[in-house]
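# Geometric and topological summary
One letter stands for each residue in the lines below.
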Amino acid sequence: MTVTYDYAGKHVLVTGGTKGIGAGIAAAFAAAGAEVTVCARTPPTTHDRHSGETASGAGGSGFVTAGGIRFVQADVRDPADVERLISGFDRLDVVVNNAGGSPPAPLEGTSPRLHARVIELNLTAPLLVSQRAYPLLAAVGGAVVMIGSASGARPSPGTSAYGAAKAGLHHLARCLAAEWAPRVRVNTVVVGLANTQNPGSRDPAAQDPATENPGSRDPTVQDPATQDPATQDPNSQDPNSQDPNSQDPNSQDPNSQDTPTRDAGAHGAADHYGGRTDLDGRAIPAGRMATPADVAQVCLWLAAPGYVTGAEVRVDGGGEIPAWRHLVSD
Ligand SMILES: NC(=O)c1ccc[n+]([C@@H]2O[C@H](COP(=O)([O-])OP(=O)(O)OC[C@H]3O[C@@H](n4cnc5c(N)ncnc54)[C@H](OP(=O)(O)O)[C@@H]3O)[C@@H](O)[C@H]2O)c1
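Residues numbered from 1 in each chain as written. Predicted model: local features only at pLDDT ≥ 70, side-chain atom pairs only at ≥ 80, totals over all residues.

The protein is annotated in an unreviewed UniProt entry as NAD(P)-dependent dehydrogenase (Short-subunit alcohol dehydrogenase family) from Nonomuraea fuscirosea.

If you want it as structure tokens, here you go:
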């Protein structure tokens, strides 16, 4: 049985839609006929550009990728970028708040600014984007889909700020669903371990993006005192740039070299589970990680007109096998 969706005439924004899960979501909406715009801080490679074509009027200036998806450069943590991005739309039916992630960051020894950046990316940014998009979405009875995480639904040791931010995101979605019903529906896809080695992903297969992907050296959740180019970081214009943190040992913070915006997915699993990547059958009842396509399928359903709002749909293959099952079988 095949379930198909018709998004012809609909305009969809996927934040962080250039890589990993977001790229899979963007491709799925495009395949269903939608006009899709993605944003990220780093443009897709020139290989993916459709030569000469620009995308003015859809989320601001940008260009169209070979896959027919519009790209607009924007940092969703920056309110000015969010304003520019959303003001470029005449119509917006669906927003997928996908941009997010965290390096492994045990609380002890990490800087206050790193925690703030993680929360900013995973909680504040989806709030800003949703808030700014609301009038457009309300005009057409549109939908917001948050990309949440299992880390926000169970303890998340090693990424506590991330887990707390994702838990906040899940709750934010329920609040907005109640506040905006019946005009705009807001739902969350709670993603478990995900394998982002899909064709839409720019992550080199089976390689750690920390070493192979220049975009992965991203400053999103790294200490801006050491990483963010001044021109990119709104904080560099504000009093934080004078923050004593910029002079303190944070500049030596090992997190400044950390793997960037990763969840405990295909690559992150190696960090989070002591180098092991063969956890699928032992950890996930379904026996494999989620793919971007698995997540996209649920986004297509949640974004289509319907009654469901304020819901959380887990895409985690049944969750994580409880420890006692291993004790019993050992
Ligand atoms: N992978 C997993 O196992 C997993 C599990 C559960 C939940 N999730 C969630 O799924 C979502 C996608 O994860 P992923 O693993 O696919 O991530 P990813 O491969 O690291 O891709 C992240 C995307 O977001 C963009 N991005 C990052 N910071 C941004 C910013 N400040 N402004 C705009 N765009 C930004 C990145 O592009 P630039 O770097 O160029 O900006 C990229 O396009 C995240 O919300 C994550 O928390 C992932």
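Moving on from the coordinates now.
A word on the overall build of the protein. Of the regular secondary structure elements, the protein holds nine helices and nine strands. When contacts within the protein are restricted to residue pairs at least 6 apart in sequence, those whose partners lie at least 24 apart make up 73%. (Helix = DSSP H or I, 4+ residues; strand = E, 2+ residues; numbered from the N terminus. Contact = placed C-beta atoms within 7 Å.)

Let us look at the packing of helix α1 (residues 20-31) against helix α8 (residues 292-303). Each pair of packed helices can be summarised by the angle the axes make with each other and by the distance between the axes. Contact pair α1 / α8: the axes reach a minimum separation of 8 Å and the direction vectors enclose 50°. One way to sum up the angle between α1 and α8 is to call them oblique. Handedness of the crossing formed by α1 with α8: right-handed. Residues G20, I21, A23, G24, I25, A28 and F29 of α1 lie in contact with α8, whose contacting residues are P292, A293, V295, A296, C299 and L300. Of the residues belonging to the contact of α1 with α8, the class tally is eleven nonpolar, two polar and no charged. (Axes fitted to C-alpha atoms, helices over the stretch in contact; angles between N-to-C directions. Parallel < 35°, antiparallel > 145°, perpendicular 65-115°, else oblique. Left-handed = near helix turned anticlockwise from the far one by under 90°. Nonpolar A, V, L, I, M, F, W, Y, C, P; charged D, E, K, R; others polar.)

By the criterion of burial, strand β1 (residues 11-15) is predominantly enclosed, with five of the five residues buried. Residues H11, L13 and T15 of β1 are buried on one face, and the alternating residues V12 and V14, pointing to the opposite face, are buried as well. In the sheet, β1 pairs with strand β2 (residues 35-40) via five bridges, with the strands oriented parallel. Bridged to H11 within β2 is E35. (Buried ≥ 20, exposed ≤ 12 C-beta atoms within 10 Å, placed from the backbone. Pairing = 2+ DSSP bridges.)

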